[in-house]
Amino acid sequence: MSYTIGFQAKNQKSVLATEAATANQAVAIVAALRQSADEIKFIRSPQEGEMGIEMLLLLAKEEAEEMPQRA
């Protein structure tokens, strides 16, 4: 499932967006954006629609549980 994360960089007026292929990648992007003082404006998925960070974390957890374990 793909995710679009919209964010606004500090001292900027425009909203930028970036894509992530998985929920886990989206969580990593959100974490990096939060550390750089960027404001998360939206998280969106074609399948789930708009969501908050808590929902993204839940989806990432479910995704990790569904992934086959590597030996």
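In this report, we go over the structure that sits alongside the text. Please read all numbers here as calculations on a predicted model, not as lab measurements. (Residues numbered from 1 in each chain as written. Predicted model: local features only at pLDDT ≥ 70, side-chain atom pairs only at ≥ 80, totals over all residues. Heavy atoms only, no water.)

Attention now moves to helix α2 (residues 53-66). Taking 1.5 Å per residue as the helical rise, α2 with its 14 residues ought to reach 20 Å, and the 20 Å between its terminal C-alpha atoms agrees with that figure. Within α2, burial applies to Leu-56, Leu-59, Ala-60 and Glu-63. Along the axis of α2, the buried residues cluster in a sector spanning 105 degrees; they form a single face. Facing away from the buried side of α2, by more than 90 degrees, are the exposed residues Glu-54, Lys-61 and Glu-65. Tucked into the core, α2 has its buried residues touching β1 (3-8), α1 (23-35), β3 (39-45) and β4 (49-51). (Helix = DSSP H or I, 4+ residues; strand = E, 2+ residues; numbered from the N terminus. Expected span 1.5 Å × (residues − 1). Buried < 20%, exposed > 50% of the residue type's maximum accessible area, 1.4 Å probe, protein only. Arc of directions from axis to C-beta. Contact = heavy atoms within 4.5 Å.)

Attention now goes to the environment of Lys-61. Summarising the element assignment, Lys-61 is placed in helix α2. Assessed through its relative accessible area of 53%, Lys-61 is described here as exposed. The spacing of Lys-61 and Ala-23 is 38 residues in sequence and 8.4 Å in space, taken between C-alpha atoms.

Turning our attention to the side chain of Asp-38. Considering the arrangement of structural elements, one finds Asp-38 in the loop between α1 and β3. Although buried, Asp-38 forms no salt bridge, and the nearest oppositely charged side chain, Lys-10, lies 8.7 Å from it. In this structure the side chain of Asp-38 is engaged in a polar contact, spanning 3.5 Å, whose partner is the backbone nitrogen of Lys-10. A distance of 3.1 Å separates the side chain of Asp-38 from the side chain of Ser-36, its partner in a polar contact. Apart from the residues within four sequence positions on either side, Asp-38 is in contact with Phe-7, Gln-8, Ala-9, Lys-10 and Leu-33. (Lys, Arg positive; Asp, Glu negative; His and termini not counted. Salt bridge = Lys/Arg side-chain N within 4 Å of Asp/Glu carboxyl O. Polar contact = N/O pair within 3.5 Å; in protein donor to acceptor, adjacent residues only side chain to side chain.)

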